[in-house]
Amino acid sequence: FRERCDEDLGGVTLRHLLDLQPTAGPDQPIWLPDGSGLVIKSTVDGKPVLRVVDAVTGSQRNLVTGMGSLPFLSSPLVSVSPDGRWIAYVSDTGATDGREQSSRVEIYLYRLDGGESRQLTTTHANINAYSWSPDSSTIVFSANRFGRYDIFSVSVPDGNIVRLTDDPRYEVYPVFFTDGERIAYVRLNERWTDHKIMIMTADGKSISIAAEDTDFFDYHYGRKFGYPLLTADDHNVHFPSHRNVWINYWQTTPHGGTPTPVHAETADQTDGVLSPAGDKLAYVANRNGTLRLVVVYLADGSSDVLIEPDMGMITKPAWSPDGREIAFLWESPTNAANLWVVDVESGETRQ
């Protein structure tokens, strides 16, 4: 084995492949609200750290270390507040309320202008999804505090928690509307095959159904289905569905109605993200095992393939705040995951 480590294997060596270390991922890169950089999760000496990468120069600096293990079932692991003051992340470092320790997952806060990380929630439970309110005063999250996943809110930075839902079924992946007055989330049936996109007020009242989807098995407590994607004007809701054989994105209104396909194609569409203006949907399409990055213009349904590599995978696209660029991760059998950016208009990419 040692004798073959430096043998040429078509331009690379076995030693090169064994030494590959990802510099970003596997989670979605998060743009800072001013577009100056991106927050990524990386690994140093086998331990997770949060870093900020300069959007122009690519220079990096560490923000948070000693994060413990980051749970696979939580999404996102990291999120930046809309006002740019806070980074929220989930960790199982051993949260405590002063009386006992918990090995469960809690939300932590880190001030971007400096300071120590601090624990925000004390649920003694697993938190599998969360998102910020538009005014950065609240985080809404789903946790199995009472044996099943319910929706809660927590105020920032004082940590006051309010339970918003109480249903025998799992309720996950909450997200605020732009108006800050309503929350959309996903309700799973008992077998986790059917999904309902529910709408409620920010205080947990006036629940209604925006969309229903069936026969979409989701063994990650809703992670495959993900968050409802809400347009900036709050007029449309987008979601993935198996209803045309392939996993494609569909759209409806918060008030319900018959869903229609966003851009039907014979490929599975995943990792969907709406542009800040809400006029474009970017997603990753999988055809014949190769993943490409596609942008759909919602006004007329036209689309552009921004990137289509000969080999490897594109994952986790993220729109820049001005909507001009998309950050993404790319990896191949001979290249570990790295952070790239593509200009939406010109198609030019840079690592």
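Scroll up a little and you will see the structure.
With that settled, consider the pairing of strand 26 (residues 303-307). Pairing geometry for strand 25 (residues 290-297) and strand 26, over four bridges, is antiparallel. Within the sheet, the bridge partner assigned to V296 lies in strand 26 and is S303. Turn length for the strand 25-strand 26 hairpin, with the two strands adjacent in sequence and antiparallel, is five residues, and the turn residue G301 shows positive phi of about 80°.

A word on the pattern of salt bridges. Throughout the structure, instances matching the rule amount to 15 salt bridges. Note that D150 is salt-bridged to R148, the shortest N-O span being 3.6 Å. Across the pair, exposure class does not vary: D150 and R148 are buried alike. Residue D150 pairs with R163 through a salt bridge whose shortest N-O separation is 2.9 Å.

Counting 32 residues, the largest nonpolar core has V39, L63, I87, I107, I139 and F141 as the members making the most contacts within it. Elements supplying a minimum of two residues to this core: strand 3 (47-54), strand 4 (60-64), strand 5 (78-80), strand 6 (86-91), strand 9 (106-111), strand 11 (127-132), strand 12 (138-143) and strand 13 (150-155). Looking at which element gives the most residues to this core, the answer is strand 6, with five residues. Among all residues touching I107, those that are not within four sequence positions of it are A88, Y89, V90, Q119, L120, T121, I127, Y130, I139 and F141. Membership of the second largest hydrophobic core comes to 21 residues, among which are F177, A210, F216 and L230.

The rules behind these values
Residues numbered from 1 in each chain as written. Predicted model: local features only at pLDDT ≥ 70, side-chain atom pairs only at ≥ 80, totals over all residues. Heavy atoms only, no water. Pairing = 2+ DSSP bridges. Helix = DSSP H or I, 4+ residues; strand = E, 2+ residues; numbered from the N terminus. Salt bridge = Lys/Arg side-chain N within 4 Å of Asp/Glu carboxyl O. Buried < 20%, exposed > 50% of the residue type's maximum accessible area, 1.4 Å probe, protein only. Core = buried A, V, L, I, M, F, W, Y, C linked by side-chain atoms within 4.5 Å. Contact = heavy atoms within 4.5 Å.

Purely geometric stuff here, so don't read any function into it on its own.
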